[in-house]
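The residues making up each chain are set out below.
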Amino acid sequence: MLDTVRCGADRASRLARAAALSGTSGKICPANLATRLLEAIIQPGDRVTIEGDNQKQADFLASALAKVDPARVHDLHMVQSVLALPDHLAVFERGIANRLDFAFAGPQSRKLAELVANGTVKIGAIHTYLELYARMLVDLTPKVALVVADKADRAGNLYTGPNTEDTPTIAEATAFRGGIVVAQVNEIVDRLPRVDVPGDWIDVVVPSPTPYLIDPLFTRDPAKIRDENVLMAMMAIAAVYEPYQVERLNHGIGYATAAIELILPTYAAKRGLKGKIAGHFVLNPHPTLIPAIEAGFVDSVYCFGSELGMERYVSNRADIFPIGADGNLRSNRALAQVAGQYACDLFIGGTLQIDAQGNSSTATKGRITGFGGAPNMGADPRGRRHDSPTWLRAGQEAGESLRGRKLVVQMVQTHQPNGAPSFVERLDAFDLAASAGFALPPVMIHGDDVTHVITERGVANLLRCRSPQEREAALRAVAGDTEFGRRQPSETSDSLRRRGIVMFPSDLGIDVSTATRDWLAAQSIDDLVSASGGLYVPPAKFLPATVAHVEHRRQQ
């Protein structure tokens, strides 16, 4: 009882200090007082989270936090999904925070590595999204949460529009443990289109001077898809999607999976696979999925978040996307992570490095990128109990007698764009663990979860391997002209091909000379706009400079 009283008194005193700034405005705090607000409600040593998804950012509140006086606010423990902005690291550089638990760093990955190396940042763990949310509910509960939404009313109810994403999860974890929740919003309105987060979970609302930052992270320009991507996409369909009858799936982000999406209406249709594969996605609204949707391949898409420019198209396809009575998408990152883990039969994504055991990681020398949701989607869920043809066949190939297997496919070219080999004897993650003080190396997807590896050389079906030595040999067989691949004699690879463990394009009936961009159902951003009936509105960064300038002038 004493702790409850103390917690209540602490919360009340913090809110009283916040109310002194808001005055007669109730929950509304003026934007010019945002930094003073945070100094009033945050105390040294607090655990704090800033909403920063893959896309939308509580950027105004992040900036306000980076400006607090380190003499008043210091030693913070930051718990946040994504570090995407310079301000996310400025709090460490200025001595405001010193501890970090996170899931993904993306554009800040190199800077984060520097700060870890010089001791400015102490990382607790690199989490998956779902893992981090779970710990927010258990032992990493924030004392203060800084979230973001499109609109709020004066009672603090929030409308998130198509980008709900992390907001409800973060707000609930904080609000129901006596924490303080501050919401940055684009505008205050009298009536919301719908309520995504109830006002009694929100303590303070700050109207931002500018709309929150949102990045079109999942948009891939078809013009940048190369013939090698098309070849790998054809092999993925011929070696995985078709034989396993994959209907429920999640695609990672990249040109390889974008190529798959764009050849569904062409190559997959020619193979008679319409209505047989790729019907149900757990996926952000990828623009490269538009042709497959319009061709009738896709039955449903459940979304982690939205995608800038796709709002009108998504709202007009309520038969495919979860659309509310307000006419906008309802997304939820935590629920989508669960769906990706348990309701999908296939995860297919990429990586930066794969070792001889099939372990992969995006944590490399000089970069701490993090994992995002890949380890959730790219892990065989041992708790699954419902069956499907895909799950059962994968289990049978793996020699399982009591359960099936989830398909986990790593799709990676033998060399990265910078020329670095993708296949290595030892992951950089092992050295990073030693330098950063991690108990274990930050492996993104463990090799024993991986079922297939696809490169431009061929496909390694690891389900059919019956020993660690066979798995390693299969990986070397598809590693191409790398030191890793050259260490294996061709006779070993030929033996694996005869047994169907390794499949080269010709083994799948694919003529490499025909694997070209001609298969793409859309070959440019303009083609995607046309396929959408003009509903897709590409962000300026994907338009020619002259067009983007005209569009910018038109919107002013």
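Here goes a summary of the coordinates provided. (Residues numbered from 1 in each chain as written. Predicted model: local features only at pLDDT ≥ 70, side-chain atom pairs only at ≥ 80, totals over all residues. Heavy atoms only, no water.)

## So, the overall build of the protein chain
And then number 1: Counting secondary structure elements, the protein chain contains 20 helices and 20 strands.
And then number 2: Computed over the C-alpha atoms, the radius of gyration of the protein chain is 24 Å, within 12% of the 24 Å expected from 2.2 N^0.38 for a compact globule of 556 residues.
And then number 3: Classification of the 556 residues of the protein chain by burial places 59% in the buried group.
And then number 4: Contacts spanning at least 24 positions in sequence make up 73% of the contacts within the protein chain whose residues lie at least 6 apart.
And then number 5: Total accessible area on the protein chain stands at roughly 21,600 Å², and carbon and sulfur atoms take up 52% of it.
And then number 6: Placing the 58 positive and 62 negative side-chain charges of the protein chain at their respective mean positions leaves the two points 2 Å apart. (Helix = DSSP H or I, 4+ residues; strand = E, 2+ residues; numbered from the N terminus. Rg over C-alpha atoms; globule rule 2.2 N^0.38 Å. Buried < 20%, exposed > 50% of the residue type's maximum accessible area, 1.4 Å probe, protein only. Contact = heavy atoms within 4.5 Å. Areas by Shrake-Rupley, 256 points an atom, 1.4 Å probe, with all protein chains shown as cover. Lys, Arg positive; Asp, Glu negative; His and termini not counted. Charge placed at Lys NZ, Arg CZ, Asp CG, Glu CD.)

## Here's the deal with the packing of helix H8 (residues 227-244) against helix H9 (residues 255-270)
And then number 1: Closest axis-to-axis distance for the H8/H9 pair is 8 Å, and the angle between their directions is 70°. One element, H8, and the other, H9, form an angle in the roughly perpendicular class. Crossing of H8 over H9 shows right-handed handedness. Where H8 abuts H9, its residues Asn 229, Val 230, Ala 233, Met 234, Ala 236, Ile 237, Ala 238 and Tyr 241 lie against Tyr 255, Ala 256, Ala 259, Ile 260, Ile 263, Leu 264, Tyr 267 and Ala 268. (Axes fitted to C-alpha atoms, helices over the stretch in contact; angles between N-to-C directions. Parallel < 35°, antiparallel > 145°, perpendicular 65-115°, else oblique. Left-handed = near helix turned anticlockwise from the far one by under 90°.)

## Regarding the packing of aromatic side chains
And then number 1: In this structure the tally under the stated criterion is four aromatic pairs.
And then number 2: A ring pair is formed by Tyr 129 and Tyr 133, whose centres lie 6.5 Å apart and whose planes are at 15°; its orientation type is stacked. Placement of the pair is Tyr 129 and Tyr 133 together in helix H6 (residues 129-138), with a separation of four residues, close to one helical turn. Tyr 133 matches Tyr 129 in its accessibility class, with the two residues each being buried.
And then number 3: Ring centres of Phe 176 and Trp 201 lie 5.4 Å apart, and the angle between their planes is 85°; on these two criteria the pair is classed as edge-to-face. Of the two residues, Phe 176 is situated in the loop between helix H7 (167-175) and strand S7 (180-188) and Trp 201 in the loop between S7 and strand S8 (204-207); the sequence distance between them amounts to 25 residues.
And then number 4: In this structure, Arg 220 is placed above the aromatic ring of Tyr 255, and the distance from its NZ or CZ to the ring centre is 5.5 Å.
And then number 5: Here Arg 333 stacks its cationic end above the ring of Tyr 129, 5.3 Å away from the centre of that ring. (Phe/Tyr/Trp six-rings, centres within 6.5 Å; stacked < 30°, edge-to-face > 60°. Lys NZ or Arg CZ within 6 Å of the ring centre and 35° of its normal.)

## Here's the deal with the packing of helix H3 (residues 59-66) against helix H4 (residues 86-93)
And then number 1: Close contact between H3 and H4 brings their axes to 9 Å; oriented N to C, the two are set at 20°. It follows that H3 is roughly parallel to H4 by the angle criterion. Between H3 and H4 lies a crossing whose hand is left-handed. For the pair H3 and H4, contact is made by Ala 62, Ser 63, Leu 65 and Ala 66 and by Asp 87, His 88, Ala 90 and Val 91, respectively.
And then number 2: Of the residues assigned to the contact of H3 with H4, the class counts are five nonpolar, two polar and one charged. (Nonpolar A, V, L, I, M, F, W, Y, C, P; charged D, E, K, R; others polar.)

## Considerations on the pattern of salt bridges
And then number 1: Within the structure shown, the criterion is met by 37 salt bridges.
And then number 2: The closest approach of N and O atoms between Asp 431 and Arg 426, which form a salt bridge, is 3.3 Å.
And then number 3: With relative accessibility at 48%, the residue Arg 426 sits in the partly exposed group.
And then number 4: A salt bridge links Glu 472 to Arg 476, with the nearest nitrogen and oxygen atoms 2.8 Å apart. (Salt bridge = Lys/Arg side-chain N within 4 Å of Asp/Glu carboxyl O.)

## Here's the deal with the environment of Val 453
And then number 1: As for its placement among the helices and strands, Val 453 is situated in strand S18 (residues 452-454).
And then number 2: When the C-alpha positions of Val 453 and Ser 495 are compared, they lie 18 Å apart, and in sequence the two are 42 residues distant.
And then number 3: Once residues lying within four places of it in the same chain are set aside, the contact partners of Val 453 are Ile 354, Gln 410, Phe 423, Gly 458, Val 459, Ala 460, Leu 462, Leu 475 and Val 478.

## Structural notes on unusual backbone geometry
And then number 1: The phi torsion at Glu 165 lies on the positive side, around 50°, for a residue other than glycine.
And then number 2: Inspection of the secondary structure puts Glu 165 in the loop between strand S6 (158-159) and H7.
And then number 3: Here the phi dihedral of Gln 245 falls at roughly 55°; this positive angle occurs in a residue that is not glycine.
And then number 4: Among the secondary structure elements, Gln 245 is positioned in the loop between H8 and strand S9 (248-251).
And then number 5: According to the relative accessible area criterion, Gln 245 is partly exposed, its value standing at 46%.

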